[in-house]
Amino acid sequence: MRVVDLDRDMSDVIPTGLTPDSEFLFDRMTRVTLDRARPGPGTWVLDVASGVGQDSIALAARGARAVGAEPSGRMTGMAQMFAADKPGPMPEWVRGWSDTLPFSPESFDACICKGAMDHFDTPERAIAEMARVTKPEGRVVLAIANFESLACRVGRALDDFRQDVLGLGPLRERRGYDAPSDHFTRYEPDLIREQAEKSLIIESMEGISMGWGMPGWSKWMARFPRPVADVAVRSMDQLARHWPGLSDVIVLVGRPRRSASNSA
Ligand SMILES: C[S@@+](CC[C@H](N)C(=O)[O-])C[C@H]1O[C@@H](n2cnc3c(N)ncnc32)[C@H](O)[C@@H]1O
């Protein structure tokens, strides 16, 4: 039986007390995701699993006709509250699941889904739905956390060493390389590519940031003088662009693949 908490909020996932590496990662992931959707005056952009709506609001601020689709009533309520005191055109909020999006085929110029795919119980169905509601020349942009990042690999290797050689427990109670309990999928580059290829013609897969969550990394970034920390996180981001397989987040862009089953 599917049990869903439609009142959940994001207090468990929104980072509190941002360190320079977290701030950089979340800013850059958001910027790249929004940029790749190419929002602009008159374009229709759908934000799937829009959460508290900050990205839909940013899309609207760039002139797009933004629609935030989100199943949680509490999240949608928070999004409406955040939007209330903002100037300018605001998104439309729609309650809806990713695997049955309540829109006609080819309704949108672009569709984004950021930091949410691993929460979906039928992610391939969700990608197929995003492809269905996006125009043939439009773009679907998926941003996912990479659980085979450099940070995850280093964390796992250190824990294996501690356990197998030193006979000690893991460094941290919640091991960053394990998917959290509210995730259905533990994404890595090959898996998101395999799932996306069924409904999308992949145009690019970009790596964002590197080292986030590596043991000690955040602590050092917070201790360094800010300019030094900024250089460090930017340098790691450059490495992520060259080696997206080791990056913290992957942003995939694809065009809808039309087939007999999903054509309009
Ligand atoms: C970590 S939040 C990300 C929200 C937003 N995209 C962001 O970047 O801040 C994950 C969101 O996925 C939503 N969600 C979970 N399962 C879903 C599903 N099957 N279909 C649509 N949304 C879902 C949750 O309600 C939550 O708002």
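Cut-offs applied
Residues numbered from 1 in each chain as written. Predicted model: local features only at pLDDT ≥ 70, side-chain atom pairs only at ≥ 80, totals over all residues. Heavy atoms only, no water. Near = heavy atom within 4 Å. Polar contact = N/O pair within 3.5 Å; in protein donor to acceptor, adjacent residues only side chain to side chain. Areas by Shrake-Rupley, 256 points an atom, 1.4 Å probe, with all protein chains shown as cover. Nonpolar A, V, L, I, M, F, W, Y, C, P; charged D, E, K, R; others polar. Helix = DSSP H or I, 4+ residues; strand = E, 2+ residues; numbered from the N terminus. Contact = heavy atoms within 4.5 Å. Pairing = 2+ DSSP bridges. Axes fitted to C-alpha atoms, helices over the stretch in contact; angles between N-to-C directions. Patch = residues over 30% accessible without salt bridge, like charges linked within 9 Å, V, L, I, M, F, W, Y side chains within 5 Å. Salt bridge = Lys/Arg side-chain N within 4 Å of Asp/Glu carboxyl O. pLDDT = per-residue confidence, 0-100. Buried < 20%, exposed > 50% of the residue type's maximum accessible area, 1.4 Å probe, protein only. Parallel < 35°, antiparallel > 145°, perpendicular 65-115°, else oblique. Left-handed = near helix turned anticlockwise from the far one by under 90°. Phe/Tyr/Trp six-rings, centres within 6.5 Å; stacked < 30°, edge-to-face > 60°. Lys NZ or Arg CZ within 6 Å of the ring centre and 35° of its normal.

A. Molecular detail of the site of the ligand. In the region of the ligand, 18 residues are neighbours, and Ala49, Gln54, Glu70, Ser98 and Lys114 sit closest. Contact between the ligand and Gln54: an oxygen atom at 2.9 Å from a side-chain N or O atom of the residue. With respect to the ligand, the backbone of Ser98 contributes an N or O atom lying 3.0 Å from a nitrogen atom. The fraction of the free accessible surface of the ligand (600 Å²) that becomes covered by protein chains is 91%. The class makeup of the residues in the shell around the ligand is seven nonpolar, seven polar and four charged.

B. Seen up close, the environment of Val233. Looking at where Val233 falls in the secondary structure, it is placed in helix α8 (residues 226-242). Measuring from C-alpha to C-alpha, the distance between Val233 and Leu25 comes to 8.6 Å, with 208 residues separating the pair along the chain. When residues no more than four places from it in sequence are discounted, the contact partners of Val233 are Asp21, Phe24, Trp217 and Met221.

C. Inspection of the sheet that holds strand β4 (residues 108-114) at higher detail. Sheet architecture is open: seven strands sit in the order β3-β2-β1-β4-β5-β7-β6, paired in mixed fashion. Of all the strands in the sheet, the pair left with one neighbour each is β3 (92-94) and β6 (200-208). The mean angle between the axes of side-by-side strands here comes to 20°, regardless of whether they run parallel or antiparallel. In this structure, β6 lies alongside strand β7 (residues 249-256), joined through eight bridges in antiparallel fashion. The residue of β7 that forms the bridge with Glu206 is Val251.

D. Quick peek at a nonpolar patch on the surface. Taken together, the side chains of Phe161, Val165, Leu166 and Leu168 make up a nonpolar region of the molecular surface, amounting to roughly 380 Å² of accessible area. Residue placement: Leu166 occurs in helix α5 (residues 150-166).

E. Spotlight on the confidence of the model for the protein. Overall, the predicted model of the protein reaches an average pLDDT of 90, with 90% of residues at or above 70. For the stretch residues 9-16, pLDDT sits under 50, and the model shows seven contacts to residues farther than four places along the chain or on other chains.

F. Broad picture of helix α2 (residues 54-61). All of the buried residues in α2 are Asp55, Ser56, Ile57, Leu59 and Ala60. The inward-facing, buried residues of α2 abut α1 (20-36), β1 (44-48), β2 (65-69), α3 (73-84), β3 and β4. Positioned one or two residues after α2, Gly63 has a phi angle of 100°, which is positive.

G. Main features of the packing of α1 against α8. Across the interface, α1 lies against α8 with an axial gap of 9 Å and an inter-helix angle of 45°. As judged from the angle between their axes, α1 and α8 are oblique. Both α1 and α8 take part in a crossing whose hand is right-handed. Between α1 and α8, the residues in contact are Pro20, Asp21, Glu23, Phe24 and Arg28 and Arg226, Ala229, Val233, Arg234, Asp237 and Arg241, respectively. Its residues placed into classes, the contact of α1 with α8 shows four nonpolar, no polar and seven charged.

H. Representation of the packing of aromatic side chains. Applying the stated criterion across every chain yields a total of three aromatic pairs. Taken together, a centroid distance of 5.9 Å and an interplanar angle of 40° make the contact between Trp220 and Phe224 tilted. Here the basic side chain of Arg223 rests over the ring of Trp220, its NZ or CZ set 5.6 Å away from the ring centre.

I. Quick peek at the side chain of Thr19. Here Thr19 is to be found in the segment before α1. With residues near it in sequence (within four places) discarded, Thr19 still touches Ser218 and Ala222.

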